[in-house]
Structures are given as C-alpha cells and as structure tokens.
Amino acid sequence: MQKKIKIFLEEELESLRDQKLFKTERVIESPQGAEIIVKEQKCINFCANNYLGLSSHPDLIAAAHEGLDSRGFGMSSVRFICGTQDIHKELEKKVSEFLGMEDTILFSSCFDANGALFEPLFGEEDAIITDSLNHASIIDGIRLSKAQRWIYMHGDMRDMESIRSSSLETGKGLERCLKEAQNCRFRVIATDGSFSMDGDIAKLNEICDLAEKYDAIVMVDDSHSSGFLGKRGRGTHEYRNVMGRVDIITTTFGKALGGASGGCISSSKEIISWLRNKARPYLFSNSVAPVVVSSTIKVLDILMSSTDLRDKLERNTKYFRAKMTEAGFDIIPSDHPIVAILFGKYHNCTKLAVSFANKMLDEGIYVIAFSFPVVPRGKDRIRVQISAAHSIEQIDKAIAAFTKVADELGMFNPQSLAQK
Ligand SMILES: *Cc1c(COP(=O)(O)O)cnc(C)c1O
C-alpha cells in the first residue's frame, strides 16, 4: 500500500517538475524585513506581505516578550474549555474597535476563519455569491457549507463589464446572480477586499449598493488591506467609504498586522455569538498563542495612535508606481502596494519574467515571477510588494535594477515586442 502511493507520487512529482510547476522555497537566514539574507547575500525584499514593516518591529518583539512573561507560552486548550485569557478578550475588543464592527472572534489563521464562517450560517435554502478570483480559503469555506452557489466574474457588477474586457469571459455579473438568488432565504456576497495577483481593490461601494437593493449580506476578506487601506488604515471598507455597510469582515494578523499568525471574523454580536457556539475551527482547535495575542494588541495600539506607517506606505507606493510607469513598464493601475508588472506584450513572456526575477536577485532585489496557472496565460508578471519599511533609497535601487535588467534583456527594444 505504502509502496504503491510512493511510486504514484514519484511520477506525479516528476510531472510537476516537467511542467515547471514544482514549488521550491528560498531559504532566508535572517529575520523578515526590508533587507534580508538569502544564501549569505543581503538583498532588499519586495515580496513579503510585511506592508507596514511590523514583522520584526522592536515594539512588537518587546510586546511579545511581555506577553510571554506575563501569560506564558501556550494555552493547551480550546477557547471554551480553558483557553480564554483576559488578553484574548482584549484583542477581540480592539479588533472590533479598529474595524468598526460590534464583535470579533479569533482564529489560528484567516484560512481557519474563512473555513469557519459559512457552514454554521448558511444552509441549503441560502445563496453564497462569490467573486471568481476569491482566495482559496473562501472557496474552501464555501465548499463546507450546503448553501447554493453563484460565482460572478471577477469584479463584474452587471454582466457587461466582463464581455467588454475579454471575449473569453462569458460569466455572470453580480447583479444577475443576486436576481437569480432572490428566492433564497439569505443571500451573502463574498469578496476579497484586495486581490493579491493584480493588486486591484474590490468596488465595495457598488457591492454594498447592490446588496441593499437585493437584500443581501456583504462579507469581505480584508487580509491584504487591514492596517493600511483607507485614511486610517482600517481597510477596504474605509477606502471605499462604506464603513458600517459591510456585515462581515475576516482578516489575518499574518500580513500587515505583525505578520506572525492568527486571524479573525468581525461582525454583529449575534453572528459572532453564533460562531462561538457553532464554528468548528473555533470549537475544536487551540487558542491563539498569548505571544501573538499580546503583540497584535500592540499593533492595533500603534495603528490607532498614529497613521504614520500607512502614510509612509502610501507615499512609497505612489512613488514606485509613478517611477516605474515613467520608466516604461506595463503596470496594472491601483492604489495598492501590490504592484503587478506585466510581461505579456513581449516574446516568450513566461521565460522572460522568470529570468528577469533571477537577474533581479543578482542585483540584490528579491521579487517573484508569476506565470500560468497562478495567473492567466499571457498575464505573466513580476509582483512587487511595497512596504513602509522600505526607504526611498531602497525603492530607487529597485527601480534602477528593474531598468538595468530590462535593458539587458532587450525589453526597451521594439523588436522584443510580440507580434499581435
Ligand atoms: C493570506 C490570506 C489568507 C490566509 O491568511 P492566514 O492567516 O495566513 O491563514 C486568507 N485570505 C486572504 C484573502 C489572504 O490573502
């Protein structure tokens, strides 16, 4: 039996390698930060979700030590048996205040939060209406519920937009899905706040308008937005001016909010109470470690006392986007610190993007290339993630490296363009 599966997997792994889909991991020999050490070489990191530069922030490390000393290392329990400390309650209260919601429930990760959310709330008589590019954890969470499903074309509110943008996309828009689901008991629209591949931001204002028109609940996963989008960094709902109109927010503490781990769901008192009683990843999985809880409290204190970090991130993002556009790169417009630099217009764009990323590492800049099947064919790209931890000098160094490598690879030569 064991032999059989080993032989089977050997072949499958070989085939992954043949298709260039086998994932390898680069090993970092330093803390996470703007500058990291890879293969004993210093490089500037442009591919972490360390948006606010908090991953190795001294105040967080101090808060973690304090939590460790005062509340110990582990809880050895789920929340409802003996896994709730005062600091867990304090963090839940702080998150609610930060996001502008009534109540919050903690999870070990946002993956768990999304896995926990749908099954207890939505059954066969309900409709979940979901953006086609939603995160894997939303997709899996929806799969666990027995609700009926509608998938709307990414960001398409009314059918027309997808037909205009690409003749290949012929799915439904959000409004059509809402109309078709009118006979269901509850309708919930589920969307990422910001989408990680293009760095585009959900049109939550339009989504909330449609939700109100068709009596639906709005759920947003703000993992790539919490802490920095919006004037005070509260997230996509603040950025789109719909605070108070979003019903459920899930988010992670593993990105901008410190970067260690943990996640949550914020919503009304009733929904959170129900989830405390019914959500399986909450009932049957360990409490968030005190160290993570105390440092996440610190993160929220920092962010609620000053907007300096998100302001710096915004400035860095604007600067990088403007300079890269000026230098002639094809970037997807957005206000988000995820910057997708597209290679589709060049010959052999997949190979080009990969060799580009490798050459960037030789220049001391760590960026990652993404190709099919992670992104659609012809949408090969390098994704850059800007951080508040980056100095302008570091960003300038990255732009200079991009320009140098593009020149070396002949990208500024008109003959490098693919014939269309
Ligand atoms: C990263 C991410 C998650 C997973 O968060 P974890 O806390 O690391 O499990 C969930 N949803 C979205 C949209 C994400 O980007």
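Above this note sits the structure.
Calculation rules
- Residues numbered from 1 in each chain as written.
- Predicted model: local features only at pLDDT ≥ 70, side-chain atom pairs only at ≥ 80, totals over all residues.
- Heavy atoms only, no water.
- Core = buried A, V, L, I, M, F, W, Y, C linked by side-chain atoms within 4.5 Å.
- Buried < 20%, exposed > 50% of the residue type's maximum accessible area, 1.4 Å probe, protein only.
- Domains from an automatic or database assignment.
- Contact = heavy atoms within 4.5 Å.
- Pairing = 2+ DSSP bridges.
- Helix = DSSP H or I, 4+ residues; strand = E, 2+ residues; numbered from the N terminus.
- Phe/Tyr/Trp six-rings, centres within 6.5 Å; stacked < 30°, edge-to-face > 60°.
- Lys NZ or Arg CZ within 6 Å of the ring centre and 35° of its normal.

I keep staring at the nonpolar core and nothing clicks. Help me out?
Considering soluble globular proteins, one finds that nonpolar side chains tend to be buried as a cluster. Grouped together as the largest cluster of nonpolar side chains are 83 residues, with contacts concentrated most on Phe 320, Ile 341, Phe 343, Phe 356, Val 384 and Phe 402. Of the domains in this structure, domain 1 (18-47 + 307-419) and domain 2 (58-305) are the two that each give at least three residues to this core. Beyond its immediate chain neighbours, meaning those up to four positions away, Val 384 contacts Phe 46, Phe 320, Pro 337, Ile 338, Val 339, Ile 341, Val 367 and Phe 402. Listed in part, the 22 residues of the second largest apolar core include Ile 138, Ile 142, Ile 265 and Tyr 282.

It is not clear to me how the sheet that holds strand E2 (residues 41-45) should be interpreted in this structure. Could you clarify?
Taken in spatial order, the three strands of this open sheet run E1-E2-E11, and their pairing is mixed. For this open sheet the edge positions go to strand E1 (35-38) and strand E11 (365-366), each flanked by a neighbour on one side alone. Two elements, E2 and E11, share two bridges in a ladder whose sense is parallel. Pairing of Asn 45 across the sheet is with Tyr 366, part of E11.

Sorry, what's going on with the packing of aromatic side chains here?
The relative placement of two aromatic rings is captured by the distance of their centres and the angle of their planes. In total, this model carries nine aromatic pairs according to the counting rule given. When the centroid spacing of 5.7 Å and the interplanar angle of 75° are considered together, the rings of Phe 329 and Phe 402 count as edge-to-face. With Phe 329 in the loop between helix H14 (308-326) and strand E10 (338-342) and Phe 402 in helix H16 (residues 392-408), this pair connects stretches of sequence that are 73 residues apart. The exposure class assigned to Phe 402 is buried, which follows from its relative accessible area of 1%. Members of the aromatic cluster, connected to one another through ring pairs, are Phe 320, Phe 329, Phe 343, Tyr 346, Phe 356, Phe 402 and Phe 412. Directly above the aromatic system of Phe 22 lies the positively charged group of Arg 17, at a separation of 4.3 Å from the ring centroid. Over the ring of Phe 372 we find Arg 377; its NZ or CZ atom is 3.8 Å from the centre of that ring.

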